[in-house]
Amino acid sequence: MEQMDGTTVTACERCPELCDSRSRIVNGVGPEDTDIVFVGEAPGATEDERGEPFVGRSGDVLDDALRDVGLARADVRITNCVRCRPPENRDPTNEELDNCKPYLERELELIDPEIVVTLGKVPSEHVLGRSVGITSEAGRVEDVRIGGSSRRVLLSVHPAATLYDRSQRDTFDETIATAADLGGSGGSGGQARLGEY
């Protein structure tokens, strides 16, 4: 990982089209010792501009849902499958997802969370390596091999889905509550680990 310092990708030229469309590499944010990691698809325009994942309207939905279960954005890690904004906010290609996969695997290896929450269809399919019907599978927990480790993965609808389809809001909120339960809840990430040493 010559282009990565810890969980931060410092330089990458693997996807020429993404290099042309990005203004920066958008790395994950949040503590590196948290028990909950949220994985989105790729940065959008606002994320590319500000250099942080999930900071637009979708980010507000995520922040509200976290707050409702006693967590703050600062308690969890938020990252993406692809760290550079695709042109016109299109979905990342399979090749782009594969090019960025070692970075996500390394990030998860270093953080070693209790639960990985995939936000939407693209990250769910990418992490699980299969086709996913996200509206029907949201809330499901699966054990998945990511890199060299087995991880518990919780599937979630994308926060933006709740903006366009209010019926998705309950599903999303319930999934975030499940994530808090599985991750030790209430921002206790560091405290929960003390007993392990």
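Above this text sits the structure in question.
The structure displayed is predicted, hence computed values, not measured ones.

Asks: Any chance you could explain helix H4 (residues 94–111) here in plain terms?
Replies: Since one α-helical turn is 3.6 residues long, residues separated by three or four positions face the same way. With 18 residues, H4 ought to run about 26 Å at 1.5 Å a step, and its terminal C-alpha atoms sit 25 Å apart, in line with that. Approximately 40° is the largest bend angle found in H4, and it occurs at Cys100, with the proline Pro102 only one to four residues beyond. Turning to H4, its buried residues are Glu96, Leu97, Cys100, Tyr103, Leu104, Glu107, Leu108 and Ile111. Downstream of H4 by a residue or two, Asp112 has a phi angle that is positive, lying close to 50°.

Asks: Please explain the sheet that holds strand S4 (residues 77–80) as it appears in this structure.
Replies: Hydrogen bonding along the main chain pairs the strands of a sheet, whether they run parallel or antiparallel. Strand order in the open sheet made by the five strands is S4-S3-S5-S7-S6, with mixed pairing throughout. The sheet is open, and its two borders are formed by S4 and strand S6 (141–146), each paired with just one other strand. Recorded for the sheet is a direction-independent mean angle of 35° between the axes of neighbouring strands. Sheet topology places strand S5 (residues 115–119) next to strand S7 (residues 149–156); four bridges connect them, and they run parallel. Of the residues in S7, the one forming a bridge with Thr118 is Leu155. Strand contacts of H4: strand S3 (36–40), S4, S5, S6 and S7, with the helix running at about 165° to S4, the strand carrying the most contacts.

Asks: Hey, could you run me through the layout of surface pockets in this one?
Replies: One simple way to see leftover space: roll a probe sized like a water molecule over the atoms. Considered as a void within the structure, the largest pocket measures approximately 380 Å³ in volume. If you go around the largest pocket, you meet 19 residues; those closest to its centre are Ala42, Pro43, Gly44, Glu47 and His158. Mapped onto the lining of the largest pocket, the elements with two or more residues apiece are helix H2 (45–50) and helix H3 (57–68).

Parameters at a glance
- Each chain has its residues counted from 1, running along the sequence as written.
- At least 70 in pLDDT is required for a residue's local features to be given in this predicted model, at least 80 for side-chain atom pairs to be given and counted, and no such filter applies to totals for whole chains, interfaces and linings, which use all residues.
- Hydrogens and water are ignored here; the side-chain numbers use all heavy atoms of the structure.
- Secondary structure follows DSSP: runs of H or I at least 4 residues long count as helices, runs of E at least 2 residues long count as strands, and numbering of each begins at the N terminus.
- Expected helix span is given by 1.5 Å per residue-to-residue step, counting one fewer step than there are residues.
- What we call the bend at a residue is the angle made by axes fitted to the seven residues finishing there and the seven residues starting there.
- Exposure is judged per residue with a 1.4 Å probe applied to protein chains only, and the accessible area is read against the type maximum: over 50% gives exposed, under 20% gives buried, and values in between give partly exposed.
- Strand pairing is assigned whenever DSSP identifies at least 2 bridges connecting the two strands.
- Lines fitted to the C-alpha atoms define the axes, with helices restricted to the stretch that makes contact. Angles between their N-to-C directions range from 0 to 180 degrees.
- Here, two residues are considered to be in contact whenever any of their heavy atoms come within 4.5 Å of each other.
- With a 1 Å grid laid over protein atoms only, a set of points is called a cavity when a 1.4 Å probe fits there but cannot get out and a pocket when it is open yet has protein on both sides within 12 Å along at least five of seven lines; lining residues have an atom within 4 Å of a point.
- Grid points are joined across faces, edges and corners, and a volume is the space filled by probe spheres set on the points.

On their own, these measurements won't tell you what the molecule is for.
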